[in-house]
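# Residue-level structural notes
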Amino acid sequence: MKFSQRIQNVQPSMTMSVTDLARRLKAQGEDVIGFGAGEPDFHTPENIKQAGIEAIRSNQTYYTGVSGTDELRDAIVAKFKNENGLDYERGQIVVSCGAKQSFYNLAQVLWEEGDEVLIPAPYWVSYPDIVALAGAQPVIVPTTAENEFKASPEQLQAAVTPKTRALVFSSPCNPSGAAYTRKELEGLAEFVLRNNLLAVSDEIYEHLVYDGFKHVGLAEIGPEIKKQTAVINGVSKGYAMTGWRIGYLAAEKEIAAQVSKLQGQLTSGACTISQVASVEALTGPQEAVRKMRDEFLVRRNEMVQRLNAMDGVSCYNPVGSFYTFPDVSGAYGKKFEGKTIDGSLAFTEFLLKQAKVAVVPGVAFGADRHVRISFATSMDNIKRGMDRMAEAISSLAD
Ligand SMILES: *Cc1c(COP(=O)(O)O)cnc(C)c1O
């Protein structure tokens, strides 16, 4: 079979081999503790589930408009107004099957062969491949833990060429948990405007921030940058609704119109029942969100403290998301089962075999000194997992 160059350009997931090994060990009855989760371990709040059930009962089971129901898009407009102080019209909002599709749609309508897209690393795994699927070139701009994994305007400027079209980033960031402050965003906005780029601001972890950190979106910096920003958000992470598959885009009308045209030939729109449930998520009581966030905070504190106490491990204290992203490179160069641990993939394999702890190698996010450890799991798992990880690391021979 001949396959398109397009699909051949997509990297097979680097995390798959580790995930497969974890699954095999589990199937053999091994007690593997999983820290790979990219989704909340909480159930969807009851009021939201009820809204979904009611939608089925009342026969809201037909196609909706391609860009989403008026009710949901109005709820999203109100959310932007109330939480971000941003004015959008209904026609600027497109609801899709998850924020991942929102980004995929954008990439397809905006970029093509010959275009370059700036992506600071560590980045969300899907950005480079989705950019490549559009035929464009992802240009990775590495950041370091010392700079809290944030790209500076100077760094970004150095990566700009005449082909550069856009900057793509998440804040709070998956996997680093870092988030840009208003002042830092002012610098990014200035950079984007100076180079006449489009910014894609992925704010799906907006509600999951800690220690009183106030989330700010890039579009909030001012009216000029708002025009050149496409905001991506969704209900998956903040409302524990990953399986409902609802994400959304807010952008200038001409972008929203092209995205809607594409979506009309792709999915015809998002699941009707999930859209009804998402209206309840956005407009109903927000108590459950705060409760989940408070629980995540307790777990984060435990995990970060435990990681920093380990030999040769140093962990940035994430201000958002539900991931820690420790630097484990202190263990690199040491030997396990006769092989030298030479990077995050080998470290992850070592951790899985020796400690029966599953994490995600940082190389998948463009940061090979690190691993991603999710705290979207129980405190008991965190305590047992950190015990085992500490023991495994201290057992390593030089
Ligand atoms: C989980 C995640 C998404 C995708 O969310 P869905 O709405 O479930 O598709 C997008 N961006 C980032 C940074 C994420 O972590």
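One structure accompanies this document, and this report is about it.

Analysis parameters
- Residues numbered from 1 in each chain as written.
- Predicted model: local features only at pLDDT ≥ 70, side-chain atom pairs only at ≥ 80, totals over all residues.
- Heavy atoms only, no water.
- Axes fitted to C-alpha atoms, helices over the stretch in contact; angles between N-to-C directions.
- Helix = DSSP H or I, 4+ residues; strand = E, 2+ residues; numbered from the N terminus.
- Parallel < 35°, antiparallel > 145°, perpendicular 65-115°, else oblique.
- Contact = heavy atoms within 4.5 Å.
- Nonpolar A, V, L, I, M, F, W, Y, C, P; charged D, E, K, R; others polar.
- Near = heavy atom within 4 Å.
- Polar contact = N/O pair within 3.5 Å; in protein donor to acceptor, adjacent residues only side chain to side chain.
- Areas by Shrake-Rupley, 256 points an atom, 1.4 Å probe, with all protein chains shown as cover.
- Buried < 20%, exposed > 50% of the residue type's maximum accessible area, 1.4 Å probe, protein only.

### Description of the packing of helix H13 (residues 344–355) against helix H14 (residues 379–394)
Two elements in contact, H13 and H14, have axes separated by 10 Å at closest approach and are oriented at 110°. By the angle class used here, H13 and H14 are roughly perpendicular. Contacts from Phe347, Phe350, Leu351, Gln354 and Ala355 in H13 reach Arg388, Met389, Ala392 and Ile393 in H14. Among the residues forming the contact of H13 with H14, the class breakdown is seven nonpolar, one polar and one charged.

### Some words on the site of the ligand
Neighbouring residues of the ligand: Gly98, Ala99, Lys100, Trp124, Ser170, Asn174, Asp202, Ile204, Tyr205, Ser236, Lys237 and Arg245. A distance of 3.0 Å separates an oxygen atom of the ligand from a polar backbone atom of Lys100. Between the ligand and Ser236 there is a distance of 2.8 Å, counted from an oxygen atom to a side-chain nitrogen or oxygen. Summarising the interface, the protein chains cover 94% of the accessible area of the ligand, which totals 390 Å² for the free molecule.

### Looking at the side chain of Asn84
Note on placement: Asn84 falls in helix H4 (residues 70–84). What makes Asn84 buried here is its relative accessible area of 7%. Here Glu206 takes part through its side chain, which lies 2.9 Å from a polar atom of the side chain of Asn84. Look past the residues within four positions of Asn84 in its chain and what remains in contact with it is Lys79, Glu206, His215 and Glu220.

In short, geometric facts, not functional conclusions.
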